[in-house]
Amino acid sequence: MSPLTTLRLALAGGRADRIRIALTAFGAALGTLTLLAAATVLAVTGPHAATYTNDLLNDEGLRPGVAFGMLLLTIPVLAFVAQCSRLGAPGRERRLAAMRMAGATPRQVVRIAAAETALASAFGVATGYCVYFLGRALLDAPGADGRRPLPTDVLPGPALMTGIVAGVPLFVTLLAVLTLRRVTLTPLGVVRGISRGRPSRTPGVLVLAGLGACALVEPVHRYFTDHPRNDDVPLLVIGGLIAVGALTVSVGVVSGTGWIAYTVGRVLHRFARRPAALLAGRRLMADPWSGSRTFSAMLVALIAGSAAAGLSALTVATVAAQEENTRRFARLLGEPYDPSGTGFYERAYALVGYAVLVAMAIAAMGLLVALVDGVAARRRTLASLVAAGTQRGVLARSLGWQVLTPVIPAVALSVTVGALLPRFAVPDAREAARMEVRRCTPLPGDPADACQDPAYEQAHTVLLTAEKVPVTVHVPWDRLALLAGGAVAATVAITLVGLLFLRLNTRATELRVQ
């Protein structure tokens with residue numbers, strides 16, 4: 001098959017295929033912008049340092065963390081692209097099966113599907129670069145002192161730019177091909193491998209193991225404090241425990257959505273009396289893993305957001321206690337003290353919160369795509385139910401039960417686990433010892449420099465003590481409630497929007513769809 005024929009067959013298709021191509025290009029553009037932003041932050045070195053209004057960009061030690069946070073935004077983008085690649089999958093698979101019947105080999109069919117995704121992602125990458133350079137020109141606004149709010153005066157290196165151009169389409173194409181791994185296209189139709197059976201409790205073990213790995217941070221930190229080393233082993237060990245714990249917890253929560261959906265389905269099937277809840281319960285039991293695919297990006301964003309909220313509360317409380325202790329110590333010494341405040345840390349965590357909101361918005365778009373795709377994929381079944389006398393309201397309520405009942409416990413679990421991570425992963429900074437200072441204070445009527453006389457100093461030196469302020473960390477209930485409530489509210493809104501497509505896909509004409 002010639003490249004031109006492959007290209008022409010890849011671009012063939014109906015409305016769903018065109019929407020899938022457009023959404024894939026949009027996801028590739030988002031990923032490109034995220035990677036370019038991270039690469040731009042890493043490009044800030046040398047003469048460009050300390051020329052920005054944001055201290056996160058001026059500090060050489062904080063810039064890698066900012067870039068890493070931006071790279072984490074690619075996770076919901078990839079989940080969005082994966083959801084987009086499934087849009088209209090049944091129709092695409094029937095079209096590819098027809099090509100198999102016409103004589104195409106399995107490798108040629110996969111090549112056609114990969115060409116479609118590669119072209120869409122390449123267009124998305126080009127769009128992302130155009131938006132990046134346009135935004136770089138529009139947002140370049142140096143102040144009177146020459147400082148800029150964003151690093152619009154630097155560009156990533158040629159190697160990074162080339163790697164993004166080549167890497168994003170390649171990765172998106174591999175991701176799309178990976179979604180076809182459980183689909184066997186034969187000349188007689190489509191055979192899809194679906195996981196059967198009851199979900200195991202392994203995700204719960206993963207969550208506990210991840211929290212346990214983070215809980216080891218404190219004893220490991222105490223050990224290296226008592227046995228100091230001159231190399232980077234303590235940093236690597238503690239960083240490895242935190243990374244492994246956070247990753248394991250995230251995998252456990254996402255994969256545990258299948259067990260939650262199955263359990264909720266059993267409860268609905270056992271206790272529900274209305275047709276809508278019974279239909280939702282059977283659907284959840286039949287395919288409990290759909291929640292893991294649908295809510296994965298949102299759950300990861302919730303874990304990150306709640307962890308950032310907990311870490312913000314912990315950091316602010318620790319810094320406030322340290323500043324109060326420093327103020328008391330300066331008072332013992334008789335020296336002035338100028339507090340620095342916690343504004344820097346609060347601004348930093350505010351930026352993290354904005355990044356989490358962006359991630360949740362991208363995850364919400366992926367959820368909408370998945371919901372619409374699920375309705376479109378089952379339109380013949382839904383249209384048959386309506387034609388047999390089932391009311392559309394029953395199907396709408398069933399879809400609402402199916403989406404909302406698993407997401408509420410999954411959101412609660414994600415927020416709880418995320419809030420626990422910083423409590424376990426951050427070493428204890430509390431100090432129990434009192435502050436003690438021996439200071440000579442001139443008596444009233446004596447000259448101010450009387451303590452310079454050794455005999456006078458020895459006679460009038462007293463021991464001054466002060467108690468240290470303990471670190472009191474309050475649970476950020478308001479932020480956690482805002483995250484959880486926002487996620488549930490977004491899911492409800494997306495479900496209502498998805499229900500608009502239910503009427504379009506339950507018309508009698510859908511019974512003729514082949």
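Just above sits the structure.
Please read these numbers as outputs of a predicted model, since none were measured by experiment.

A. Region of the structure containing the overall build of the protein. Of the regular secondary structure elements, the protein holds 18 helices and four strands. Within the protein, buried positions represent 40% of all 514 residues. Across the protein, the fraction of contacts at a sequence separation of at least 24, relative to all contacts at a separation of at least 6, is 81%. Roughly 27400 Å² of accessible area belongs to the protein as shown, and the carbon and sulfur atoms make up 65% of that amount.

B. Inspection of the pattern of salt bridges at higher detail. What the rule picks out here adds up to one salt bridge. Between Arg-222 and Glu-218 there is a salt bridge, with the nearest N and O atoms lying 3.2 Å from each other. Placement of the pair is Arg-222 and Glu-218 together in helix α10 (residues 217–226), with a separation of four residues, close to one helical turn. Using a relative accessible area of 44% as the deciding quantity, one classes Arg-222 as partly exposed.

C. Quick look at the packing of helix α16 (residues 392–425) against helix α18 (residues 477–504). Interhelical geometry of α16 versus α18 gives an angle of 160° and a closest axis separation of 10 Å. Classified by the angle between their axes, α16 and α18 sit roughly antiparallel to one another. For the pair α16 and α18, the sense of crossing is right-handed. Along the contact surface, α16 presents Arg-392, Leu-395, Ala-396, Leu-399, Gly-400, Val-403, Leu-404, Val-407, Ile-408, Val-411, Val-415 and Ala-419, while α18 presents Leu-480, Ala-484, Ala-487, Val-488, Thr-491, Val-492, Thr-495, Leu-499, Leu-502 and Arg-503. Here the residues of the contact of α16 with α18 are counted per class, giving 17 nonpolar, three polar and two charged.

D. Region of the structure containing a nonpolar patch on the surface. A cluster of nonpolar side chains, namely Phe-68, Leu-71, Leu-72 and Ile-75, defines an oily patch on the protein surface of about 350 Å² accessible area. A per-element tally of the nonpolar patch places helix α4 (residues 63–72) first, with three residues. Mapped onto the fold, Ile-75 is located in helix α5 (residues 74–85). Taking relative accessible area as the criterion, Ile-75 reaches 38% and is therefore assigned partly exposed.

E. Structural context of the packing of aromatic side chains. Evaluation of the coordinates by the stated rule reveals three aromatic pairs. Ring centres of Tyr-132 and Phe-133 lie 5.2 Å apart, and the angle between their planes is 70°; this geometry places the pair in the edge-to-face category. Owing to a relative accessible area of 36%, Phe-133 belongs among the partly exposed residues under this scheme. Ring geometry for Tyr-223 versus Phe-224: centroids 5.4 Å apart, planes at 70°, classification edge-to-face. Clustering of aromatic rings is evident, with ring pairs tying together Tyr-129, Tyr-132 and Phe-133. Over the face of the ring belonging to Phe-271 we find Arg-270, whose NZ or CZ atom lies 5.1 Å from the ring centre.

F. Layout of the environment of Val-177. Within the secondary structure layout, Val-177 lies in helix α8 (residues 158–179). Along the chain, Val-177 and Ala-114 lie 63 residues apart, while their C-alpha atoms are 6.3 Å from each other. With residues near it in sequence (within four places) discarded, Val-177 still touches Val-110 and Ala-114.

G. Focus on the nonpolar core. Formed by 52 residues in total, the largest nonpolar core has its most connected members in Val-253, Leu-299, Leu-302, Met-360 and Val-411. Looking at this core, the elements with two or more residues in it are α9 (202–215), α11 (233–271), α12 (275–286), α13 (290–333), α14 (343–377), α15 (379–387), α16 and α18. At 12 residues, α16 tops the list of elements feeding residues into this core. Not counting the four nearest positions on each side in its chain, Val-253 is found in contact with Val-207, Leu-299, Ile-303, Leu-413, Ser-414 and Val-417.

H. Geometry of the environment of Gln-322. Following the sequence through the fold, Gln-322 ends up in helix α13. A relative accessible area of 43% means that Gln-322 is categorised as partly exposed. Taking the C-alpha atoms as reference points, Gln-322 and Val-471, separated by 149 residues in sequence, lie 8.3 Å from one another.

I. Broad picture of α11. For α11, which comprises 39 residues, the first-to-last C-alpha distance of 55 Å matches the rise-based estimate of 57 Å (1.5 Å per residue) to within 8%. The largest bend in α11 amounts to roughly 30° and is located at Gly-256.

J. A look at α9. Between its first and last C-alpha atoms α9 spans 20 Å; for 14 residues at 1.5 Å apiece the expected length is 20 Å, and the two agree. Buried residues of α9: Pro-203, Val-207, Gly-210, Leu-211, Ala-213 and Cys-214, and no others. Taken down its axis, α9 places every buried residue within 155° of arc, on the same side. Opposite the buried face of α9, by more than 90 degrees, sit the exposed residues Val-205 and Leu-208. Buried residues in α9 make contact with α10, α11 and α16.

K. Representation of the side chain of Thr-405 in the model. Its location among the elements puts Thr-405 in helix α16. On the accessibility criterion, Thr-405 (17% relative accessible area) is buried. Separated by 2.4 Å, the side chain of Thr-405 and the backbone oxygen of Trp-401 make a polar contact. Beyond its immediate stretch of four places on either side in the chain, Thr-405 contacts Val-264, Leu-268, Leu-284 and Gly-400.

L. Spotlight on the side chain of Thr-117. Relative to the elements of secondary structure, Thr-117 occurs in helix α7 (residues 106–138). Look past the residues within four positions of Thr-117 in its chain and what remains in contact with it is Thr-24, Val-172, Thr-173 and Ala-176.

M. How the structure looks around the packing of α10 against α11. At a minimum axis distance of 10 Å, the contact between α10 and α11 shows a crossing angle of 175°. Judged by the angle between their axes, α10 and α11 are roughly antiparallel. Residues Val-217, Val-220, His-221 and Phe-224 of α10 pack against Val-233, Pro-234, Val-237, Ile-238, Leu-241 and Ile-242 of α11. Grouping the amino acids of the contact of α10 with α11 by side-chain chemistry returns nine nonpolar, one polar and no charged.

Calculation notes
- Residues numbered from 1 in each chain as written.
- Predicted model: local features only at pLDDT ≥ 70, side-chain atom pairs only at ≥ 80, totals over all residues.
- Heavy atoms only, no water.
- Helix = DSSP H or I, 4+ residues; strand = E, 2+ residues; numbered from the N terminus.
- Buried < 20%, exposed > 50% of the residue type's maximum accessible area, 1.4 Å probe, protein only.
- Contact = heavy atoms within 4.5 Å.
- Areas by Shrake-Rupley, 256 points an atom, 1.4 Å probe, with all protein chains shown as cover.
- Salt bridge = Lys/Arg side-chain N within 4 Å of Asp/Glu carboxyl O.
- Axes fitted to C-alpha atoms, helices over the stretch in contact; angles between N-to-C directions.
- Parallel < 35°, antiparallel > 145°, perpendicular 65-115°, else oblique.
- Left-handed = near helix turned anticlockwise from the far one by under 90°.
- Nonpolar A, V, L, I, M, F, W, Y, C, P; charged D, E, K, R; others polar.
- Patch = residues over 30% accessible without salt bridge, like charges linked within 9 Å, V, L, I, M, F, W, Y side chains within 5 Å.
- Phe/Tyr/Trp six-rings, centres within 6.5 Å; stacked < 30°, edge-to-face > 60°.
- Lys NZ or Arg CZ within 6 Å of the ring centre and 35° of its normal.
- Core = buried A, V, L, I, M, F, W, Y, C linked by side-chain atoms within 4.5 Å.
- Expected span 1.5 Å × (residues − 1).
- Bend = angle between axes of the 7 residues up to and from the residue.
- Arc of directions from axis to C-beta.
- Polar contact = N/O pair within 3.5 Å; in protein donor to acceptor, adjacent residues only side chain to side chain.

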